[in-house]
Structure formats: C-alpha cells, structure tokens
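Geometric and topological summary
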Amino acid sequence: AQSVAQPEDQVNVAEGNPLTVKCTYSVSGNPYLFWYVQYPNRGLQFLLKYITGDNLVKGSYGFEAEFNKSQTSFHLKKPSALVSDSALYFCAVWDMNRDDKIIFGKGTRLHILP
Amino acid sequence: DAGITQSPRHKVTETGTPVTLRCHQTENHRYMYWYRQDPGHGLRLIHYSYGVKDTDKGEVSDGYSVSRSKTEDFLLTLESATSSQTSVYFCAISEGLANTGELFFGEGSRLTVL
C-alpha cells in the first residue's frame, strides 16, 4: 500500500533563512509526488509535483522540491523564507500503477519568524 | 480558482441524525473526492468517484456513503452521525492524475456532531 510520512509536526524558521520541510514515501510502483499548502480556513492549494524527469522540481511562490529515489524522499525547500509562507504543508503520493487515489501525509506546520 | 462549491459550509447536528454534504463543480472534471481533515491525521480519503455512478472506497469509508448521479455533483452521506465524525470535510476534483496530476479543493465543510 502507498503511504507518505512527514516526520515533523512543526518547523520554525527565521525570515530570510532557507527552509526545508521533509517528506518520505512508500509505493510499490512509480510515484507521482505532490506538495500542497493550506492557509487558515481554506482548502488546499497545489504547489508542485514530480512525475518524471529532473529530480529538482520548481513550483509556485518560489518553492522547489527534490526527489531522491534511493532515499524515497521528496523534501520541500525554499532558499529564503517569507513570513507569508507560514501555513500548513502537505506531502502527497500517488502510485501511478494503481487507481486514482492520492494519499496525503499528516501535514507540517511551518512558522516563519519575523 | 476552480469552480467547486461545498454546502453547507458549517453544520451542527446531533448523534444519530443523517447528514448529507454536497459538492458541486462547474469544471466538468471526471474525478471527485471526499476527504476529512483531523488534527494529527492530516487528510484522509473517504470515498472517490471516477465517473457518474462509479465510486470507490478510500482509507476511512466506514459510516459514510456517496452518490454521483450527475457529473457536477458528489454527495457524501452520514446515515447516522457519530461524534467521531466531527471533522472538516473537503471535496476535491481532478481531470485525472495521469493527465494533470493536480487536485483542486473546495473551501471545506465543518461538521460538528454533538
């Protein structure tokens, strides 16, 4: 069965510093990997995805993520954090050899400190 | 923003009563999903639909049923609500994960079962 783990419930980063939000996954086949962001009292918004190709994927709002097949990881990164990046971030995985179900992690709350 | 409307947005009900949540889309997307969001659990898939009258179970389907009689509407029913079903429910739509690899989310429906 496919699964995704976000080992940190919360990450605190000073504004201007680089940030990393961690994600590891488990699938039996080839993974599609996603990052979504949720602002207070809103639905989730798509940030970026990895399907195939370059291991470094660029997405919205200056975020990027690095796919590492050997470590089964897909960490979200940003070179310089903004206070407005404070939100709840979800990693998700889809096993493309199975049905159309995306499985989400438990989420990581990102606090950017001014 | 994708045209997804969830109703009601807020509902308080009593244990044992039936509840129906509605998701309406104007995008003509084939796939529709119901997730619930709970602290410490992230997003968990309840049911999803891959076409009119075609549905399948997700991770936490017990106590829930769904129906999709039209492309644009996906209903989630709690036949006899329990306190453990107090949650925020999100509807999502997709053209197909193999096509765009992206889910579009509604704004959520907050359900409280007393």
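Residues numbered from 1 in each chain as written. Chains lettered and ligands numbered in written order. Predicted model: local features only at pLDDT ≥ 70, side-chain atom pairs only at ≥ 80, totals over all residues. Heavy atoms only, no water.

Applying the stated criterion across every chain, the model contains 8 salt bridges over all chains. Here Arg-42 of chain A makes a salt bridge to Glu-107 of chain B, at a shortest N to O gap of 2.8 Å. Taken as a pair, Arg-42 of chain A in the loop between β5 (31–38) and β6 (44–50) and Glu-107 of chain B in the loop between β10 (104–105) and β11 (109–113) lie in two separate chains rather than in one. For the salt bridge of Lys-78 of chain A with Asp-85 of chain A, the shortest nitrogen-to-oxygen distance reads 2.8 Å. Each of the two residues, Lys-78 of chain A as well as Asp-85 of chain A, counts as buried. Through salt bridges with shared partners, a single network forms among Arg-22, Lys-70 and Asp-73 of chain B. (Salt bridge = Lys/Arg side-chain N within 4 Å of Asp/Glu carboxyl O. Helix = DSSP H or I, 4+ residues; strand = E, 2+ residues; numbered from the N terminus. Buried < 20%, exposed > 50% of the residue type's maximum accessible area, 1.4 Å probe, protein only.)

This part takes up the sheet that holds strand β1 (residues 4–7) of chain B. Where strands meet in a sheet, backbone hydrogen bonds hold them as pairs that are either parallel or antiparallel. All names here are of chain B. Pairing within the open sheet is antiparallel, and its 4 strands lie in the order β1-β3-β8-β7. Either end of the sheet is taken by a strand with one partner, and the two such strands are β1 and β7 (65–70). Across the sheet, the mean angle separating the axes of adjacent strands is 15° when strand polarity is ignored. With 4 bridges connecting them, β1 and strand β3 (residues 19–25) associate as antiparallel partners. Bridge assignment links Ile-4 to a residue of β3, and that residue is Gln-25. (Pairing = 2+ DSSP bridges. Axes fitted to C-alpha atoms, helices over the stretch in contact; angles between N-to-C directions.)

Along the chain, Ser-7 of chain B connects to Pro-8 of chain B via a cis peptide bond; the corresponding omega equals -10°. On the secondary structure map, Pro-8 of chain B appears in the loop between β1 and β2 (10–13). You will see that Asn-41 of chain A, though not glycine, has its phi angle at about 60°, which is positive. Mapped onto the elements, Asn-41 of chain A comes out in the loop between β5 and β6.

Quick look at the state of the cysteines now. Residue and element names in this part refer to chain A. Counted according to the given criterion, the structure contains 2 disulfides over all chains. Here Cys-23 pairs with Cys-91 through a disulfide, and the sulfurs are 1.9 Å apart. An S-S torsion of about -65° defines the bridge between Cys-23 and Cys-91 as left-handed. With Cys-23 in the loop between β3 (19–21) and β4 (24–26) and Cys-91 in strand β10 (residues 87–95), the pair connects residues that are 68 residues apart, well separated along the chain. Looking at Cys-91, the relative accessible area reads 0%, which means it is buried. (Disulfide = S-S within 2.5 Å.)

By themselves, these figures tell us nothing about what the structure is for.
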